[in-house]
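As a plain string of letters, each chain reads:
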Amino acid sequence: MTFTHQDDSTPERLWRSEWRANRPLDLESFFDGRPPERLILLSAHPDDETLAAGGLLTRLKNDFHLSVDIVVATAGEASHPASTTHSRDVLARRRKSELREAVQLLAADSRVHFLDLPDGAVTALPVARALQTLLGPQPSERTLLVAPWHRDGHPDHDAAGDAARSVAEEHGMALLEYPVWLWHWAEPSSSSVPWDTMRILPLTEAELELKTAAQRMHVTQIEPLSEEPGDEVLLGPAIIEHFARPFEAFAVTPPLSAFERLHAGCKDPWGYEDRFYERRKRAVSLALLPRERYSHGLELGCSVGVLSAELAARCDSLVAVDVSPSAVGQAANRLAGYKGAEARVMRIPEEWPEGIFDLIVLSETGYYLSAAQLEEVISRCLGSLGRDGVVMLCHWRHPVDGWPLNGDAVHEAFRACRGLKLFAEHQEEDFRIDILTHPGAVSVARGSGLL
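Calculation rules
- Residues numbered from 1 in each chain as written.
- Predicted model: local features only at pLDDT ≥ 70, side-chain atom pairs only at ≥ 80, totals over all residues.
- Heavy atoms only, no water.
- Pairing = 2+ DSSP bridges.
- Helix = DSSP H or I, 4+ residues; strand = E, 2+ residues; numbered from the N terminus.
- Axes fitted to C-alpha atoms, helices over the stretch in contact; angles between N-to-C directions.
- Contact = heavy atoms within 4.5 Å.
- Domains from an automatic or database assignment.
- Buried area = accessible area lost by both parts, 1.4 Å probe.
- Polar contact = N/O pair within 3.5 Å; in protein donor to acceptor, adjacent residues only side chain to side chain.
- Nonpolar A, V, L, I, M, F, W, Y, C, P; charged D, E, K, R; others polar.
- Core = buried A, V, L, I, M, F, W, Y, C linked by side-chain atoms within 4.5 Å.
- Buried < 20%, exposed > 50% of the residue type's maximum accessible area, 1.4 Å probe, protein only.
- Right-handed = clockwise from strand over helix to strand, strands pointing away.
- Expected span 1.5 Å × (residues − 1).
- Salt bridge = Lys/Arg side-chain N within 4 Å of Asp/Glu carboxyl O.
- Disulfide = S-S within 2.5 Å.
- Arc of directions from axis to C-beta.

You'll find the protein chain entered in an unreviewed UniProt entry as N-acetylglucosaminyl deacetylase, LmbE family, with Arthrobacter subterraneus given as the organism.

Right under this line is the structure:
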């Protein structure tokens with residue numbers, strides 16, 4: 001892709017009228033229902049981060065109060081190569097100062113790191129090394145990496161994006177890539193636009209005003225350096241208009257799930273097969289089910305499939321889902337001997353299996369959800385539960401470090417749902433089990449004709 005800032009920019013009205021990405025950016029879903037702990041925001045030049053990710057930056061800093069590092073590959077000293085009034089050193093100093101002022105407005109106390117790579121000649125390797133150094137030997141699994149889109153068309157942006165992608169892949173990190181020049185040279189119908197992976201972050205009026213104010217601090221880019229030839233405006237109104245949208249757009253690469261990390265490194269991380277506690281808990285859970293057999297079962301969060309196999313023995317068909325491919329692989333092996341039983345990789349509640357089920361099981365899974373995700377899971381369970389269906393909940397009652405909910409909170413949320421009624425329960429110090437049905441379900445004795 002070859003273009004210059006002097007080319008006619010694709011009109012913003014065209015992007016608005018043919019916008020094709022409306023899925024919202026749900027950051028907590030990247031971290032299994034938890035907020036991020038750290039943000040590393042990479043830019044190729046001072047102003048990239050403000051233009052394309054200023055709203056995200058201020059949202060994360062203000063809402064989550066997380067640790068923020070801004071990494072800037074160059075000082076942008078080559079933005080006006082024909083200037084006779086500003087040397088590269090002078091431009092570098094001005095642009096660094098502009099960035100610091102903008103970042104201070106958007107996210108005060110963020111750490112800014114200038115790599116001072118040559119503007120126009122950035123390569124991926126030194127950027128990747130700088131990111132690795134900043135991350136340290138054991139980066140937090142709840143680190144969010146944000147970087148220029150690796151196919152933005154500007155060589156510095158593409159190199160920075162490639163560096164971020166390599167680091168994110170190595171560590172299984174969440175990566176958001178923001179386009180800058182794409183909006184200038186492409187059109188909505190172009191196959192180059194990453195619509196499939198794009199998510200949007202709607203901005204509040206206050207966030208958009210703050211972002212606009214921060215953009216104005218990049219004076220060397222939005223105003224002429226002087227009236228002399230070579231000092232013309234770099235980012236004209238038609239380009240800036242792309243960044244006045246009431247939302248920001250990012251191409252998303254989800255992180256490696258914490259559960260995949262866990263299962264990839266251990267065959268049975270929870271001790272489902274070996275611990276008497278786990279064997280007893282399964283026995284109590286299965287004993288509380290009000291029917292001997294079920295037509296269509298759904299297990300949400302199957303892990304390695306130990307409970308799945310026992311459920312499959314009582315179901316004509318069973319769908320067991322988990323976010324970890326390694327866990328699902330083990331579950332699939334355990335279910336191989338059961339006709340109609342299958343294990344699938346699925347991230348709930350964003351993904352959900354089709355069909356109506358007369359048994360839905362949520363065992364040791366609910367407290368890994370955010371409050372909003374749990375609410376959606378409950379809604380989806382209601383929509384998937386047959387008229388004579390049963391929901392079985394089983395959860396640990398002690399604190400779950402690092403997660404927003406606990407077992408009791410999960411059960412109380414389900415029990416508060418008007419569409420479900422408590423059928424049976426078991427509680428002890430370590431765990432609790434609730435059996436929920438639609439209102440009007442009859443007891444086991446009545447259903448079997450004993451009464």
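Draft legend 1. A look at the sheet that holds strand 11 (residues 357-363). Pairing in this open sheet of 7 strands is mixed, and the strands run 10-9-8-11-12-14-13 from one edge to the other. The strands lining the two open edges of the sheet, one partner per strand, are strand 10 (341-345) and strand 13 (421-427). Averaged over all adjacent pairs, the angle separating strand axes in this sheet is 15°, with direction ignored. This element, helix 12 (residues 276-288), spans strand 12 (385-396), strand 13 and strand 14 (431-437) of the sheet and lies at about 20° to strand 14. Against the sheet, helix 15 (residues 371-384) contacts strand 8 (294-300), strand 11 and strand 12, and its axis sits at roughly 145° relative to strand 12.

Draft legend 2. The domain arrangement of the protein chain, seen in detail. Domain boundaries assigned for the protein chain yield domain 1 (12-255) and domain 2 (260-448). Distance from the C-alpha centre of domain 1 to the C-alpha centre of domain 2: 42 Å. Each partner contributes to the interface: domain 1 provides 12 residues, whereas domain 2 provides 10 residues. Of the roughly 840 Å² buried where domain 1 meets domain 2, counting both sides, 40% is carbon and sulfur surface. Counting across the interface, domain 1 meets domain 2 through 0 residue pairs in polar contact (both at pLDDT 80 or more). Of the residues contributing to the side of domain 1 that touches domain 2, the split by class is 2 nonpolar, 4 polar and 6 charged.

Draft legend 3. Spatial organisation of the nonpolar core. Grouped together as the largest cluster of nonpolar side chains are 55 residues, with contacts concentrated most on Trp19, Val146 and Leu176. Considering each element in turn, this core owes the most residues, 6 residues, to helix 3 (residues 48-64). What Trp19 contacts, discounting residues up to four positions off in sequence, is Trp183, Trp195, Met198, Ile200, Arg245, Phe247 and Ala249. Phe357, Leu369, Ile378 and Leu385 belong to the second-largest nonpolar core, a separate cluster that totals 30 residues.

Draft legend 4. Just the environment of Pro36, in detail. Here Pro36 lies in the loop between helix 2 (27-30) and strand 1 (38-43). The exposure class of Pro36 is buried, given its relative accessible area of 4%. For Pro36 and His154, which are 118 residues apart along the polypeptide, the C-alpha to C-alpha distance reads 29 Å. In this structure Pro36 touches Phe31, Leu60, Phe64, Leu66, Arg142 and Leu144, once residues within four positions along its chain are discounted.

Draft legend 5. Quick peek at the pairing of strand 1. Across the 6 residues of strand 1, 6 count as buried, placing the element largely inside the fold. The alternating pattern of strand 1 places Arg38, Ile40 and Leu42 and Leu39, Leu41 and Ser43 on opposite faces, both of which are buried. As defined by bridge partners, strand 1 adjoins strand 2 (residues 67-72) across 6 bridges and the pair is classed as parallel. The residue of strand 2 that forms the bridge with Ile40 is Asp69. For the crossover from strand 1 across helix 3 to strand 2, the handedness is right-handed.

Draft legend 6. Inspection of helix 6 (residues 155-171) at higher detail. Relative to the 24 Å expected for 17 residues at 1.5 Å per residue, helix 6 spans 25 Å between its end C-alpha atoms, a close match to the ideal helical length. Of all the residues in helix 6, the buried ones are Asp156, His157, Asp158, Ala159, Ala160, Gly161, Ala163, Ala164, Val167, Ala168 and His171. Elements that come into contact with the buried residues of helix 6 comprise strand 1, helix 3, helix 5 (124-135), strand 4 (143-148), strand 5 (174-178) and helix 11 (258-264). At the C-terminal side of helix 6, Gly172 shows a positive phi close to 65°.

Draft legend 7. Structural context of the pattern of salt bridges. Evaluation of the coordinates by the stated rule reveals 26 salt bridges. Notably, a salt bridge pairs Glu18 with Arg20, separated by 3.4 Å at the nearest N-O pair. One salt bridge connects Arg38 with Asp69, and the closest N-O pair in it is separated by 3.1 Å. One end of the pair, Arg38, is in strand 1; the other, Asp69, is in strand 2, with 31 residues separating them in the sequence.

Draft legend 8. Examining the environment of Val400 more closely. Mapping Val400 onto the fold places it in the loop between strand 12 and helix 16 (407-415). Residue classification places Val400 among the buried residues on the basis of a relative accessible area of 16%. Each C-alpha atom of the pair Val400 and Tyr367 lies 7.7 Å from the other, and the pair is 33 residues apart in sequence. Residues contacting Val400, with those up to four places away along its chain left out, are Tyr367, Tyr368 and Leu405.

Draft legend 9. Main features of unusual backbone geometry. Between Ile348 and the following residue, Pro349, the backbone shows a cis peptide bond with an omega angle of 0°. Locating Pro349 in the fold gives a position in the loop between strand 10 and strand 11. Non-glycine residue Glu364 carries a positive phi angle of around 55°. Of note, Glu364 is situated in the loop between strand 11 and helix 15. The exposure class assigned to Glu364 is buried, which follows from its relative accessible area of 11%.

Draft legend 10. Just the state of the cysteines, in detail. Under the defined criterion, the tally for this structure stands at 0 disulfides. Looking at the unpaired Cys394, the closest cysteine sulfur is the one in Cys381, lying at 15 Å. For Cys394, a relative accessible area of 1% translates into the label buried.

Draft legend 11. Seen up close, helix 16. Taken together, the buried positions of helix 16 are Gly407, Val410, His411 and Phe414. Looking down the long axis of helix 16, one finds its buried residues gathered within 95° of arc, a one-sided arrangement. The N-cap residue of helix 16 is Asn406: its side-chain oxygen and the backbone nitrogen of Asp408 are 3.2 Å apart.

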